[in-house]
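# Descriptive structure summary
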Amino acid sequence: MSETQKKSPDFTQKLTRIILVLATLYFLWYIIGDRLTPITKEARVRSFVVPIVSQVPGKIAKIHVAGDKAVEKGDLLFEIEESDYLFAVEKAQAELDLAGQNVGADVASVAVAKANLEKAKADLIAKEANASRIFEVEAKGVVSKARGDQTRSALAAAQQNVLNAQASYEKAQQLLGKTGKVNAKIQNALATLSDSKLDLARTKISAPKSGVISYAKINVGQYVSVGSKIMTFIDTDYFWIEASYRENNLGNIKPGNPVDFVLDSAPGQIFNGTIVSIGYGVSFDKSAPGELPTPEKSTGWMREAQRFTVIIKLETDIAKQLLREGGQADVITYTGDNTLFNALGKIWIWLTSKLTYIY
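In what follows, the accompanying structure is described. Since the model is a prediction, treat every value here as computed from it, not as a measurement. (Residues numbered from 1 in each chain as written. Predicted model: local features only at pLDDT ≥ 70, side-chain atom pairs only at ≥ 80, totals over all residues. Heavy atoms only, no water.)

Bringing the layout of surface pockets into the picture now. The space that makes up the largest pocket amounts to roughly 1,700 Å³. Lining of the largest pocket is provided by 40 residues; of these, Gln55, Ala122, Ala126, Lys127 and Pro208 occupy positions nearest its centre. When contributions to the lining of the largest pocket are tallied by element, the ones reaching two or more residues are β2 (49–53), α3 (107–139), α4 (145–176), α5 (181–201), β6 (204–206) and β9 (229–235). For the lining of the largest pocket, the leading source of residues is α3, giving 13 residues. (1 Å grid on protein atoms, 1.4 Å probe; cavity = no way out; pocket = protein on both sides within 12 Å on 5 of 7 lines; lining within 4 Å. Points joined across faces, edges and corners; volume = space filled by probe spheres on them. Helix = DSSP H or I, 4+ residues; strand = E, 2+ residues; numbered from the N terminus.)

Okay, here's the thing in structure tokens:
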């Protein structure tokens, strides 16, 4: 046997052993790392998404903002034809004037007080709706406590405004005097006028706060009904990551764990975050009330792993143009001071950040 033939089997055996050793090490890293430094590619950037709907029916008269455009709070988005609503206001005003002739003076002051009260109540409802969203994410640690305190202060001020407006309205009623059935007619006329003015105001739809209008598939002349979705508003002030981890990854994950993540929108960059909360349930029962449950069937010899949502707060100051609702991310969580596996995890996330250049 020649010298070359003798060396060839030795090289093949050594290569085989090396491959087996590497495969074994990778398998051990996968098994142990899955518990100590769990990894997921099922993660997305999230923000508040608010559907912009019409509160009054009618044809669209003007469109001020198209899709995928940044807006500021109060920017006019679109308008609904207002002619019918102007007529309703004029009619309600005429009815109020007619009722006022029957009861005397101070009708105007009552109208103003009533309008101020309705405005204060509408402002309170809007602030309560916004506060509920802020308090929800504050409880998860996504929003700072200072932001929550600011929201509570604004809510308290709105509640006080309602009380002040209510007191002014009651005072105006007393000045007007009670005249039985005639006074009831005025109250009815005031309510009609207030409703008609509110409907008129609702023909102009504005941005609720600073953000992006991402979907606006409408055109002038299109008829919209109450509650129909016209545009989609995305809040660009608050972002977080929702990572979907397999159930067997969750054993060591706890709130406060640091994470590294890579955004598909930012190849080569690694960002930091912190675990805020871990989901405690998923929806799986598709049976209707009153029906017997239908067992799930596995499609292969191994059942599909159940996944749970983990909420991650962004610790790195990331440019807004890199953050988009639904953007994909790769995430690794460090569950403790595991020097070796944390180092291997750092290598993995670094390699992943470079691979994002090609996919």
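It is worth spelling out a nonpolar patch on the surface at this point. A surface patch of nonpolar side chains, about 550 Å² in accessible area, is lined by Ile270, Leu340, Leu344, Ile347, Trp350 and Leu351. With respect to the helices and strands, the residue Ile270 is situated in the loop between β11 (258–263) and β12 (271–278). (Patch = residues over 30% accessible without salt bridge, like charges linked within 9 Å, V, L, I, M, F, W, Y side chains within 5 Å. Areas by Shrake-Rupley, 256 points an atom, 1.4 Å probe, with all protein chains shown as cover. Salt bridge = Lys/Arg side-chain N within 4 Å of Asp/Glu carboxyl O.)

So, on to the packing of aromatic side chains. Enumeration according to the criterion identifies 3 aromatic pairs in this entry. For the ring pair Phe48 and Tyr238, a centre distance of 6.3 Å and an interplane angle of 75° mean the geometry is edge-to-face. Residue Phe48 is found in the loop between β1 (39–46) and β2, and its partner Tyr238 is found in the loop between β9 and β10 (240–246); the two are separated by 190 residues along the sequence. The exposure classification of Phe48 matches that of Tyr238, with both residues buried. Among the aromatic residues, those joined into a cluster by ring pairs are Phe48, Tyr238 and Trp240. (Phe/Tyr/Trp six-rings, centres within 6.5 Å; stacked < 30°, edge-to-face > 60°. Buried < 20%, exposed > 50% of the residue type's maximum accessible area, 1.4 Å probe, protein only.)

What follows is about the pattern of salt bridges. Should the charged atoms of two oppositely charged side chains come close, the side chains can pair. The tally for this structure, following the rule as stated, stands at 9 salt bridges. A salt bridge links Lys209 to Asp237; its shortest N-O distance comes to 3.6 Å. Here Lys209 is found in the loop between β6 and β7 (211–215), whereas its partner Asp237 is found in the loop between β9 and β10, with 28 residues between them in sequence. Here Asp237 and Lys320 are joined by a salt bridge, their closest N and O atoms 3.4 Å apart. Of this pair, Asp237 sits in the loop between β9 and β10 while Lys320 sits in the loop between β13 (307–314) and β14 (328–333); the two residues are 83 residues apart in sequence, bridging distant segments of the chain. A residue is classified by how much of its surface remains accessible, and Asp237, at 39% relative accessible area, is partly exposed. Taken together, the shared-partner salt bridges in this structure form one network comprising Lys209, Asp235, Asp237 and Lys320.

The pairing of strands in a sheet comes from backbone hydrogen bonds and takes either a parallel or an antiparallel form. Pairing within the open sheet is antiparallel, and its 4 strands lie in the order β6-β5-β3-β8. Pairing within the sheet leaves two strands with one partner each, and these edge strands are β6 and β8 (223–224). Relative to β8, strand β3 (residues 58–63) runs antiparallel, the two being bridged by 2 bridges. Counted as the bridge partner of Gly58 is Val224 from β8. (Pairing = 2+ DSSP bridges.)

This next bit is on the nonpolar core. Ile52, Val71, Leu77, Phe78, Leu96, Ile213 and Met231 are the most contacted members of the largest nonpolar core, which has 27 residues in total. Counting only elements with at least two residues in this core, the list comes to β5 (76–80), α2 (83–103), α5 and β9. Apart from the residues lying within four places of it in its own chain, the contact partners of Leu77 are Ile52, Ile63, His64, Val65, Val71, Ile205, Ser206, Ala207, Ile213 and Met231. Ala43, Ile241, Val259 and Phe261 belong to the second largest nonpolar core, which has 24 residues in total. (Core = buried A, V, L, I, M, F, W, Y, C linked by side-chain atoms within 4.5 Å. Contact = heavy atoms within 4.5 Å.)

Turning our eyes to something else, we now look at empty space enclosed by the protein. Tallied over the entire structure, the rule returns 1 cavity of 30 Å³ or more. What the largest cavity holds in volume is close to 60 Å³. Around the largest cavity sit Ala111, Lys114, Ala115, Leu190, Leu193, Ser194 and Lys197, which together line it. For the lining of the largest cavity, the elements supplying multiple residues, two or more each, are α3 and α5. With 4 residues, α5 is the largest single contributor of residues to the lining of the largest cavity. Of the residues assigned to the lining of the largest cavity, the class counts are 4 nonpolar, 1 polar and 2 charged. (Nonpolar A, V, L, I, M, F, W, Y, C, P; charged D, E, K, R; others polar.)

Quick look at the side chain of Thr236 now. Among the structural elements, Thr236 can be located in the loop between β9 and β10. Note on Thr236: relative accessible area 15%, which makes it buried. Those residues in contact with Thr236 that lie beyond four places of it in its chain are Ser210, Gly211, Val212 and Lys320.

With 5 of its 6 residues buried, β11 lies for the most part within the structure. Relative to β12, β11 runs antiparallel, the two being bridged by 4 bridges. In the sheet register, Val259 faces β12, and the bridge partner there is Gly273. Alignment of β11 against β14, held across 5 bridges, turns out to be antiparallel. For Phe261, the partnering residue across the bridge sits in β14 and is Val331.

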